[in-house]
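Descriptive structure summary
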Amino acid sequence: MDQQLANLDDYKATVDVLIKKHQPSRSLAYACCDQHAAAKPSAPAIIHEMQDGRTRIYSFLDLRRLSIRFGHVLEAQGIKPGDRVALFLGQGAELPIAMIACWRIGAIPVPIATVFAGPGLEHRLAHSACKGVVTEGVCANAVQDYLDKTGAGLTLWLTDGTAANARSFWSDIEVASESAQWPEYGGSTPAFIIYTSGTTGKAKGAVHTHAGWLRGAPCIAMMHGDLGMEGDKAWGPAEWTWIAGFSGLLLGFLYAGSPVVAWKMPNPFDPGLVLDFLSRKEVRNTVLTPTMVRKMRTASHQPKLSLRSLCSLGEPLTPDLYDYLKNTLGVTAAESYGLTECAPVTVLHTGFMPEGFGSLGLPVPLAEMKVVDEDGQQIADGEIGEIAVSQNHPMTFSGYWDAPEATKEKLRNGWLHTGDLGYRDDRGLFWYSGRNDDMIKSSGYRIGPTEIEARVATHAAVDTVAVVGLPDKTRGQVVSAVIKLKAGFVPSEELSNSIIAYCKETLERHEYPRRIEFMDDIPITVTGKVMRKVVKESFLAKG
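Report follows, based on the coordinates. Note that this is a predicted model, so its numbers are computed, not measured.

What counts and what doesn't
Residues numbered from 1 in each chain as written. Predicted model: local features only at pLDDT ≥ 70, side-chain atom pairs only at ≥ 80, totals over all residues. Heavy atoms only, no water. Salt bridge = Lys/Arg side-chain N within 4 Å of Asp/Glu carboxyl O. Helix = DSSP H or I, 4+ residues; strand = E, 2+ residues; numbered from the N terminus. Buried < 20%, exposed > 50% of the residue type's maximum accessible area, 1.4 Å probe, protein only. 1 Å grid on protein atoms, 1.4 Å probe; cavity = no way out; pocket = protein on both sides within 12 Å on 5 of 7 lines; lining within 4 Å. Points joined across faces, edges and corners; volume = space filled by probe spheres on them. Nonpolar A, V, L, I, M, F, W, Y, C, P; charged D, E, K, R; others polar. Contact = heavy atoms within 4.5 Å. Pairing = 2+ DSSP bridges. Arc of directions from axis to C-beta.

**Brief notes about the pattern of salt bridges**
A side chain of one charge can pair with a side chain of the opposite charge when the charged atoms of the two come close. Overall, the coordinates contain 26 salt bridges when judged by the stated rule. The partner of Arg280 in a salt bridge is Asp276, with the nearest N and O atoms 3.7 Å apart. With a gap of four residues between them, Arg280 and Asp276 both fall in helix H11 (residues 271-280), about one helical turn apart. With relative accessibility at 46%, the residue Arg280 sits in the partly exposed group. Asp276 sits in the partly exposed class, given a relative accessible area of 39%. Across the pair Arg515 and Glu517 runs a salt bridge, and its minimum N-O distance is 2.8 Å. Judged by relative accessible area, Arg515 falls into the partly exposed class, the value being 29%. Overall, Glu517 belongs to the partly exposed group, its relative accessible area being 21%. Overlapping salt bridges bring together Glu49, Asp276, Arg280 and Lys281 as one network.

Structure, rendered in structure tokens:
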């Protein structure tokens, strides 16, 4: 699919093509595994780059056989249709094997990122009432701590290493049957529960169904300019337990019959290592955050890459990062906006709408969006309100697990209320202004931080920025840019004035930051988003 098309008519035509091409399938087990195992059994599904440097390739037929075997293993331990099984795993073949096994027997996989330990993990396991956990040796202690505290009666499988009362994932698979004997679970059956990050309260489990994801496949295709293209091979740094890695990469490319590369990237993010890996494995498709791209640009060696598609998410790409991707890495980036409850919602391909740069883009196929006021009424183009997505969008979650009141608050009158503020322009493009709780109220204006951050971030001295509202006796709140400087720059009044003057060149009079603060480091989430709330609270605590 050509990403260099020129106008909105081309975009609409492409949407129609993708909807016709990607028709709903029977079930995720069939769509992501069995159909390919029958049509091209030896084709690679998972290319697992292991920690010792060896590479293990799992074909679609391997994926089918191993997931059938683990389905029997789950049943032997009492896992029944509707039971939840936590996948507390980094990237590796074990996650899709266990995931598809759950689908085969009607169980519900619950992906959990390995960054969670202690309360974060305990809440997810307890709230979903998991009957089983599949994890790796380095994470075993966190699960054992949970079991010791709660006495929960669940089965623990380890993909490597040993632990008390834990079963071996691979040893159990080795002796299990390869005979498939289950009805096919699809339709409105829950396909997975994936928890929100918990930045605005207790993490909530968003339930997604087989039918919803399969009907929404054109939405995933739009992120990459289509799926199933010749030579496609996908990898992204994020764990497959986050919605972008799980749905937008792992499921999307397995559904298309394209291989997905598994590699547990060293922590912290090493831009040179990532660039080398992308080059060496000839990765064609990836998902990154602007924070990652910003670090990759600083690498001393910029190898030749084979990228066909790169989808950026988490925050807007700045023009300099977009140019770096296009001119140095040779890929025209798309940008996507979504949330755990519904992803993707919009996609920006600047080939379709060059003047849309900096926006969220246009709604993905089958999605309807509007901007509403506090009463849920649609407001005029150009006015800032809450972004709402129709529940008819196939990727919209069916509700929060065991949280009916939270579900009612999120899904109202047929619309998913995102909690994100923005506006729609007269061309139909949506623009992001910030979270409800990120809005700055200064001198009677409601000001979103996103566009201000995008401007500040392009100043030569700025590495990372968070724009927040800090208390001010005159204005109520003052627009404040909290900045981590690049190496070689030091905080000074002169530099602060330079940054303010730079912002005045393009920002409105009420928008530009009047206060500049410096921090040695600015906290970001594991998915690359600046934690404005944490930054703001650190300054409020100082008084």
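**Digging into the layout of surface pockets**
Estimates place the volume of the second largest pocket at around 650 Å³. Considering the residues around the second largest pocket, the lining is formed by 25 residues, among which Val115, Met265, Asn267, Phe269 and Val526 are closest to the centre. Residues belonging to the lining of the second largest pocket are distributed by class as follows: twelve nonpolar, nine polar and four charged.

**Regarding the side chain of Ser128**
Here Ser128 lies in helix H5 (residues 119-128). Setting aside residues no more than four positions away along its own chain, Ser128 makes contact with Arg84, Val110, Tyr195 and Trp401.

**A closer look at the sheet that holds strand S9 (residues 205-209)**
Strand order in the open sheet made by the three strands is S8-S9-S18, with antiparallel pairing throughout. Of all the strands in the sheet, just strand S8 (190-195) and strand S18 (399-400) have a single pairing partner and so form its edges. Relative to S18, S9 is paired through two bridges, and the arrangement is antiparallel. Note on S18: the bridge partner recorded for Val207 is Gly399.

**Quick notes on helix H13 (residues 319-327)**
Among the residues of H13, those classed as buried are Leu321, Tyr322, Tyr324 and Leu325. Angularly, the buried residues of H13 cover 160° about the axis, an arc narrow enough to put them on a single face. Structurally, H13 contributes buried residues whose contacts are with H11, helix H12 (290-296) and strand S12 (309-313).

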